[in-house]
Amino acid sequence: MDAISVAGQQHGMVLQDADGEPVRDALLWNDTRSAGAARELIDELGGPEAWAAETGTVPVASITATKLRWTARAEPEVAARARRVLLPHDWLTWLLAGRPDTAVTDRGEASGTGYWSTVTGEYRPDLLRMAFGRDLEVPRVCAPDERAGIASELCPGAVLAAGTGDNMAAALGAGAEPGDVLVSIGTSGTVFAAHERPSADPTGIVAGFADATGRYLPLVATLNAARVLRAGADLLGVDLAELDRLALSADPGAGGLVLLPYLEGERTPNRPDARGALAGLTGANATPANLARAVVEGMLCGLADALDGLVAQGVPVRRVLLLGGGSRSTAVRALAPWVFGVPVTVLAAAEYVALGAARQAAWALTGTPPPWPRPEEANLALPTGAAEAAARVRTAYSKVRESGFLSG
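Below, the structure is looked at part by part. For clarity, every value in this text was computed on a predicted model and none was experimentally measured. (Residues numbered from 1 in each chain as written. Predicted model: local features only at pLDDT ≥ 70, side-chain atom pairs only at ≥ 80, totals over all residues. Heavy atoms only, no water.)

Considering all chains together, one arrives at one aromatic pair under this definition. On the basis of an interplanar angle of 20 degrees and a centroid distance of 6.4 Å, the ring pair of Y115 and Y123 is categorised as stacked. Accessibility expressed as a relative area gives 2% for Y115, which makes it buried. Residue class for Y123 comes out partly exposed when judged on its relative accessible area of 22%. Sitting over the face of the ring of Y216, R107 holds its NZ or CZ atom 5.2 Å from the ring centroid. (Phe/Tyr/Trp six-rings, centres within 6.5 Å; stacked < 30°, edge-to-face > 60°. Buried < 20%, exposed > 50% of the residue type's maximum accessible area, 1.4 Å probe, protein only. Lys NZ or Arg CZ within 6 Å of the ring centre and 35° of its normal.)

Counted by the stated rule, this structure contains 32 salt bridges. A salt bridge links R69 to E40, with the shortest nitrogen-to-oxygen separation between them at 2.8 Å. A residue pair is termed long-range when its members are at least 10 positions apart, and R69 in helix 3 (residues 64-74) and E40 in helix 1 (residues 35-45) qualify at 29 residues. Linked by salt bridges that have partners in common, R271, D305, D308, R394, R401 and E402 make up one network. (Salt bridge = Lys/Arg side-chain N within 4 Å of Asp/Glu carboxyl O. Helix = DSSP H or I, 4+ residues; strand = E, 2+ residues; numbered from the N terminus.)

This part covers the pairing of strand 18 (residues 317-323). Buried residues dominate strand 18, accounting for five of its seven residues. Here strand 12 (residues 179-185) pairs with strand 18 via six bridges, running parallel. Each residue of the ladder has a partner; that of G179, found in strand 18, is V317. As paired elements, strand 18 and strand 19 (residues 344-347) share three bridges and run parallel to each other. The residue bridging L321 from the neighbouring strand is T345, located in strand 19. With helix 12 (residues 330-340) bridging strand 18 and its parallel neighbour strand 19, the resulting β-α-β unit is right-handed. (Pairing = 2+ DSSP bridges. Right-handed = clockwise from strand over helix to strand, strands pointing away.)

We now examine the pairing of strand 19. Along a regular strand, successive side chains alternate from one face of the sheet to the other. Burial of the side chains of strand 19 extends over both faces: V344 and V346 are buried on one face and T345 and L347 on the other. Relative to strand 20 (residues 376-380), strand 19 runs antiparallel, the two being bridged by four bridges. Bridged to T345 within strand 20 is N379.

So yeah, pure geometry; function would need other evidence.
Structure (structure tokens):
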């Protein structure tokens, strides 16, 4: 092996002591205990508009800065031992490099911390101090094509790239270009796009991240995606293939049945204490087919809301690139173009995060991003005459989303 790059989930917090040892287990992105800390930090800087203008992103519970605040308040003895803060992939790269004095990261991963700005391209130590109460060491931010070090572990002598976040790596692995919006349906969902300029959304819907190429990656993340399909199948006592068959046998709108898919709370919209809801249930529409249809439509409507958030930030949408485990669903493939309102290209099953890491490693090794082809599996055109039915489904969904009875 000539080069290595590590791509991993964004935002997670790894605190190291003076000897480089973690002072506690990593806090991962989907740990919502820091939701209160996010609200505090927003208020302390002067509101969401100030955060969007200063960093490009309004804090929610996933952002690293909020986890620093939570740790400082909830675990002061742990916080007192901390000298450096890393992201999970930064920590792995640091280990591969032989535990050097200086750790590294990339601009994509740094942009999800809450203390690095896509506006200036620099760290904001004042915001880190606001979150944690004092300074911490942070990793050096490498350029997209930079050789970040040489491995001394696993593959001694291999060139180390900086690594990046999972979404940045997926975009790199899929070869996303402006006009492409990637919709990744994993356990959680992400909707993100290659963009030429930084985003600053004061509503907090769109996180204004950087990417792994020197461009930007406006992104909307949801906590609930493919897990919703699994929950629907379990509720009906069927497998995923039968869930698809049932969903496609029902009419658009599921007879008025609407599923709000907030099974694990939600990140976008920022409702960490919300719960899912099944609305509009009547004796006439209480059928397995309608429930299956409502499950698929509800999940896709949540992702379509995310797509709308990107459009509101001026992101061009030429087509959707669909990937992740949920893209294997025949019902998802059938309904996605009309719910999203744009053509959909289903990418072939692949580990796009790993492909992005490999592409970054090759870039660091050779100085040139490799022109690897994008594996496409199916191109799904926008169905003729579907706009009216899709509008009815999305309107019904939005009414349930805003009804207020769903918050826990």
